[in-house]
Amino acid sequence: MKKIYLAILVLPMLSFAQSGLETTIKAGEIILSGFSIIKAAKSNKSDSKFIESVCVKNKLSEKITFKIEGKDTLGDDVKKELVVQNDGKECVFNLPKGIYAYEVIL
């Protein structure tokens, strides 16, 4: 009798569809595995105020637009936009050091 009650209690829990949060997390994993950001090795200057290059490589089947926005160490606004074709790679050279946010648009 205990096995029947357990099956009746557990079966409705397994029959619900995935939640929106789980679907969103899975979609994010797929998108993030589709592109990679590559930062070039530092030059010999340790006091440099620029990053030599930041590259975005697209492994998805369609092009993406990669927007970088932020502020450099002096507080100036910096905005860059890259359009990366499928199986392509685009780079930004001499990007000022700072804190940036990025947005990927499919």
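You'll find the structure just up there.
The model shown is predicted, which means the values in this text are computed figures rather than measured ones.

Scoring rules and cut-offs
Residues numbered from 1 in each chain as written. Predicted model: local features only at pLDDT ≥ 70, side-chain atom pairs only at ≥ 80, totals over all residues. Heavy atoms only, no water. Helix = DSSP H or I, 4+ residues; strand = E, 2+ residues; numbered from the N terminus. Buried < 20%, exposed > 50% of the residue type's maximum accessible area, 1.4 Å probe, protein only. Contact = heavy atoms within 4.5 Å. Phe/Tyr/Trp six-rings, centres within 6.5 Å; stacked < 30°, edge-to-face > 60°. Pairing = 2+ DSSP bridges. Axes fitted to C-alpha atoms, helices over the stretch in contact; angles between N-to-C directions.

## Things to note about the overall build of the chain
Turning to step 1, where the next piece is worked out: Helix and strand counts for the chain stand at two helices and six strands.
Turning to step 2, where the next piece is worked out: Listed N to C, the secondary structure of the chain is α-α-β-β-β-β-β-β in terms of helices and strands.
Turning to step 3, where the next piece is worked out: Taking all 106 residues of the chain together, 21% fall into the buried category.
Turning to step 4, where the next piece is worked out: Relative to all contacts within the chain whose residues are 6 or more apart in sequence, the contacts with residues 24 or more apart total 60%.

## Quick look at the packing of aromatic side chains
Turning to step 1, where the next piece is worked out: As enumerated under the stated definition, the model contains one aromatic pair in all.
Turning to step 2, where the next piece is worked out: Relative to Tyr102, the ring of Phe66 lies with its centre 5.4 Å away and its plane at 20 degrees, an arrangement referred to as stacked. Separated by 36 residues along the polypeptide, Phe66 in strand β3 (residues 64–72) and Tyr102 in strand β6 (residues 98–105) bring together distant segments of the chain.
Turning to step 3, where the next piece is worked out: Residue classification places Tyr102 among the partly exposed positions, given a relative accessible area of 48%.

## Quick look at the environment of Ile37
Turning to step 1, where the next piece is worked out: With respect to the helices and strands, the residue Ile37 is situated in strand β1 (residues 35–39).
Turning to step 2, where the next piece is worked out: Spatially, the C-alpha atom of Ile37 lies 4.6 Å from that of Val56, the residues being 19 residues apart in sequence.
Turning to step 3, where the next piece is worked out: Beyond its immediate sequence surroundings of up to four residues, Ile37 is in contact with Val54, Cys55 and Phe66.

## A closer look at the sheet that holds β3
Turning to step 1, where the next piece is worked out: Strand order in this open sheet of three strands is β4-β3-β6, and the pairing throughout is antiparallel. Of all the strands in the sheet, just β4 (77–84) and β6 have a single pairing partner and so form its edges. The mean inter-strand angle of the sheet, taken between neighbouring strand axes irrespective of direction, is 15 degrees.
Turning to step 2, where the next piece is worked out: Examined bridge by bridge, β3 and β4 share eight bridges and lie antiparallel to one another. Bridging from a neighbouring strand, Glu69 pairs with Lys79 of β4.

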